[in-house]
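Below are the chains, spelled out letter by letter.
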Amino acid sequence: MATVVTQHVPASASVSVPHGPSGPGLARRRMRRDLRTAGVPEAVVDDAVLVLTELLSNACRHARPLEGERVRATWHHDRAGEVTVSVTDGGGPTLPRTAAPSISARGGRGLTIIGSLTRDWGVLEGDPSGGVTVWAVLPAHAR
C-alpha cells in the first residue's frame, strides 16, 4: 500500500495531453522517444511506458481534467538511472489507492501493477493548478 507523501517531482519532459482516450498514446510515444534518446535500458523504458499509461488511464477514468480539458504528464531520468513518472489531473472524489478486485473484475489492478514495477509511488495534493499528482519511481534496472 502506498502512503500519501509529499515529494518534489522534477521534470525533464512535460506534456499536456487530452483528458481522454487519445492522451495516453500521445504521451507514450513522446516518453519512449525521450527515454531511449537518454540511453535508458529498453526494459526500464517499457516499464516506464506501462506506468505512464496506467496513471493517465486512471486520471481519465477517475478524475477531472485540468484547465483546457487536459492532463499533465512528466518524467525525469536521473544520474542514478531511476525514472520518475508523474501525472497531474484535476482531482476526483477520492485519492488513488490500490484495490483488491475480484478475479472476474474488468479493472482495478492498475495501481497494483504500478506497485510491482516501481520502487515507490504516492500522491501529491496541493498542486498550484489545483490538481492532484500521482508519481512513481522506477529503479534503474527493470524488476
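Residues numbered from 1 in each chain as written. Predicted model: local features only at pLDDT ≥ 70, side-chain atom pairs only at ≥ 80, totals over all residues. Heavy atoms only, no water.

- The name given to the chain in an unreviewed UniProt entry is Histidine kinase/HSP90-like ATPase domain-containing protein, with the source organism recorded as Streptomyces alkaliphilus.

## Focus on the packing of helix α2 (residues 42-62) against helix α3 (residues 110-117)
Next up, step 1: Close contact between α2 and α3 brings their axes to 10 Å; oriented N to C, the two are set at 150°. Comparing their axes, α3 and α2 come out roughly antiparallel. The two elements α2 and α3 meet at a crossing, and its hand is left-handed. Residues Asp47, Leu50, Val51, Glu54, Leu55 and Asn58 of α2 touch α3, and the partners they reach there are Gly110, Leu111, Ile113, Ile114 and Leu117.
Next up, step 2: Class assignment for the residues of the contact of α2 with α3 results in 7 nonpolar, 2 polar and 2 charged. (Axes fitted to C-alpha atoms, helices over the stretch in contact; angles between N-to-C directions. Helix = DSSP H or I, 4+ residues; strand = E, 2+ residues; numbered from the N terminus. Parallel < 35°, antiparallel > 145°, perpendicular 65-115°, else oblique. Left-handed = near helix turned anticlockwise from the far one by under 90°. Contact = heavy atoms within 4.5 Å. Nonpolar A, V, L, I, M, F, W, Y, C, P; charged D, E, K, R; others polar.)

## Focus on α3
Next up, step 1: By the burial criterion, the buried members of α3 are Gly110, Leu111, Ile114 and Leu117. One side of α3 holds all its buried residues, which, seen down the axis, span an arc of 125°.
Next up, step 2: Looking at the buried side of α3, the elements it contacts are α2, β4 (120-125) and β5 (132-138). (Buried < 20%, exposed > 50% of the residue type's maximum accessible area, 1.4 Å probe, protein only. Arc of directions from axis to C-beta.)

## Here we look at helix α1 (residues 23-37)
Next up, step 1: With 15 residues, α1 should reach 21 Å at 1.5 Å per residue; the first-to-last C-alpha distance of 22 Å fits that figure.
Next up, step 2: Contacts made by the buried residues of α1 are with β1 (13-18), α2, β2 (70-77) and β3 (83-89).
Next up, step 3: Backbone geometry just after α1 places Gly39 at a positive phi near 85°. (Expected span 1.5 Å × (residues − 1).)

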